[in-house]
Amino acid sequence: MPSASRRRPPPPHRRRAMLPTSSTLSVVSAPTPPKPLYLRRSLIAAAAASLAVLLLLAAAYAPWRSDHPPAALLGRPAAPTARFYSFDLVREYPHDPDAFTQGLLYGGNDTLFESTGLYHRSSVRKVELPTGKVLVHHEMDGDMFGEGLTLLGSRLFQVTWLKNNGFIYDRHNFTKRKSFTHKMRDGWGLATDGKVLFGSDGTSKLYQMDPKSFKVMKMVTVKYQDNEVPFINELEYIDGEVWANVWQTDCIARVSPEDGQVLSWIFLHELRRNLWNSGNTNIDVLNGIAWDEGNRRLFVTGKLWPKLYEIKLRPVDGPADGSVEKLCPKASFYR
């Protein structure tokens, strides 16, 4: 993917967010996509899917308050094996509105570890969950653009944008660090199952790497309905699946690390919409997934978002043909 299409223009200029339009159903093409994500169906199937999309988007962009969780997207609950999920809001937490979140993970004892991006502003930090207070902060060199972050044992692994090198930090002392080199095309996201490192490079590839040698042990292509899903971004490993932000969308793909198949989709449109309607017009895209395995808590946030959310998933019905082409278009953030 050409560097001009990347989502992080260097400072001092940063493209401003545009108001997401709830009434627009046309797909905004991603820059230089490899091919359409989803094949067209027959006229009848397309008509049925369009009707479902209209209902789903209408609900996803409906007014929402923190004390009023969103209604089911299409009325009746879906089966437990549903491929589509909305959410119920559990709690809101403060989040640094200047943090260009690139990596996020739960650190135990109501703390988070976070990697932030942008040149001359990138950092690794430990954050107090209830207050959003930054407890420990390591500022990276100005020519480094921080990306994905994960924790394996007592070591934090971080990758960087447009480079094949990353850093390993002692979780208790960020000054104790060393560098490593990986074989991905670029550094975007990181996660771990406690044994291997999962990595993304902004394409449709999902890598599995040895955490000692950083040799690529396995690589799969993320696909949905037999078509590649590009722009795989921040990652989190949850219950045998790799959950991935898809850059410039309000959607999370739940991916099988065995074969790269997208098992289900999570729609989080309301979070960004609510922030925008509250006057937070400097926000960037949804990015950041953290999982508290011990307490079964799920947290999400975005780049330059002033809030971090604890949510619970709720299965919902989706389009009859399973297509998400119109439900996960590129967010209208860039002029």
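Conventions we followed
- Residues numbered from 1 in each chain as written.
- Predicted model: local features only at pLDDT ≥ 70, side-chain atom pairs only at ≥ 80, totals over all residues.
- Heavy atoms only, no water.
- Core = buried A, V, L, I, M, F, W, Y, C linked by side-chain atoms within 4.5 Å.
- Buried < 20%, exposed > 50% of the residue type's maximum accessible area, 1.4 Å probe, protein only.
- Helix = DSSP H or I, 4+ residues; strand = E, 2+ residues; numbered from the N terminus.
- Pairing = 2+ DSSP bridges.
- Axes fitted to C-alpha atoms, helices over the stretch in contact; angles between N-to-C directions.
- Disulfide = S-S within 2.5 Å.
- Contact = heavy atoms within 4.5 Å.
- Phe/Tyr/Trp six-rings, centres within 6.5 Å; stacked < 30°, edge-to-face > 60°.
- Lys NZ or Arg CZ within 6 Å of the ring centre and 35° of its normal.

- In the annotation of an unreviewed UniProt entry, the entry for the chain reads Glutamine cyclotransferase, and the organism field reads Panicum hallii var. hallii.

**Some thoughts on the nonpolar core**
In a soluble, globular protein the nonpolar side chains are often hidden away together inside.
Step number 1: Counting 24 residues, the largest nonpolar core has Leu 206, Val 229, Leu 235, Val 262, Trp 265, Phe 267 and Val 324 as its most contacted members.
Step number 2: Listed by contribution, the elements that provide at least two residues to this core are strand S16 (232-238), strand S17 (241-246), strand S18 (251-255) and strand S19 (262-267).
Step number 3: Counting residues in each nonpolar core, the second largest holds 19 residues, with Trp 243, Leu 271, Trp 291 and Val 300 among its members.

**Quick word on the sheet that holds strand S20 (residues 286-292)**
Step number 1: In spatial order, the strands read S16-S17-S18-S19-S1-S22-S21-S20; together these eight strands make up an open sheet with mixed pairing. Here the strands that pair on one side only, and so sit at the sheet edges, are S16 and S20. Averaged over all adjacent pairs, the angle separating strand axes in this sheet is 35 degrees, with direction ignored.
Step number 2: Here four bridges tie S17 to S18, and the two strands are oriented antiparallel to one another. In the sheet register, Asn 245 faces S18, and the bridge partner there is Ile 252.

**With respect to the sheet that holds strand S2 (residues 101-108)**
Sheets are built from strands paired through backbone hydrogen bonds, the pairs being either parallel or antiparallel.
Step number 1: Pairing is antiparallel in the open sheet, where four strands are placed in the order S2-S3-S4-S5. Each of the sheet's edge strands pairs with one partner strand only, and the pair in question is S2 and strand S5 (134-139). With direction set aside, neighbouring strand axes in the sheet form an average angle of 15 degrees.

**A look at the state of the cysteines**
Step number 1: Per the counting criterion, the structure on display carries one disulfide.
Step number 2: Each sulfur of the disulfide joining Cys 251 and Cys 328 lies 2.0 Å from the other. Its S-S torsion of approximately -95 degrees makes the covalent link between Cys 251 and Cys 328 left-handed. In this pair, Cys 251 sits in strand S18 while Cys 328 sits in the segment after strand S22 (307-316), placing the two residues 77 residues apart along the sequence.

**Details of the environment of Ile 311**
Step number 1: As for its position among the elements, Ile 311 is in strand S22.
Step number 2: Residue classification places Ile 311 among the buried positions, given a relative accessible area of 4%.
Step number 3: Here Ile 311 is in contact with Phe 87, Asp 88, Leu 89, Val 90, Leu 268, Leu 298 and Val 300, once residues within four sequence places are set aside.

**Some points on the packing of aromatic side chains**
Any pair of aromatic rings gets described here by the distance separating the centres and the angle formed by the planes.
Step number 1: According to the stated counting rule, one finds 18 aromatic pairs in the structure shown.
Step number 2: Taking the centre distance of 4.2 Å and the plane angle of 10 degrees together, the rings of Phe 180 and Phe 214 count as stacked. Within this pair, whereas Phe 180 is found in strand S9 (residues 173-181), its partner Phe 214 is found in the loop between strand S12 (205-209) and strand S13 (216-221), the two being separated by 34 residues in sequence. Assigned by exposure class, Phe 180 and Phe 214 land together as buried.
Step number 3: Ring plane angle 85 degrees and centroid distance 5.5 Å describe the contact between Tyr 224 and Trp 265, whose orientation is recorded as edge-to-face. Taken together, the residues Tyr 224 in strand S14 (residues 223-224) and Trp 265 in strand S19 connect sequence positions 41 residues apart.
Step number 4: Assessed through its relative accessible area of 3%, Tyr 224 is described here as buried.
Step number 5: The exposure class assigned to Trp 265 is buried, which follows from its relative accessible area of 2%.
Step number 6: One aromatic cluster is present, formed by Phe 100, Tyr 119, Phe 145 and Trp 161 through successive ring pairs.
Step number 7: In this structure, Arg 254 is placed above the aromatic ring of Tyr 85, and the distance from its NZ or CZ to the ring centre is 5.0 Å.

**Brief notes about unusual backbone geometry**
Step number 1: Here Asn 109, not a glycine, exhibits a phi torsion of approximately 55 degrees, which is positive.
Step number 2: Relative to the helices and strands, Asn 109 resides in the loop between S2 and strand S3 (111-116).
Step number 3: Its identity is not glycine, yet Gln 248 carries a phi of approximately 70 degrees, on the positive side.

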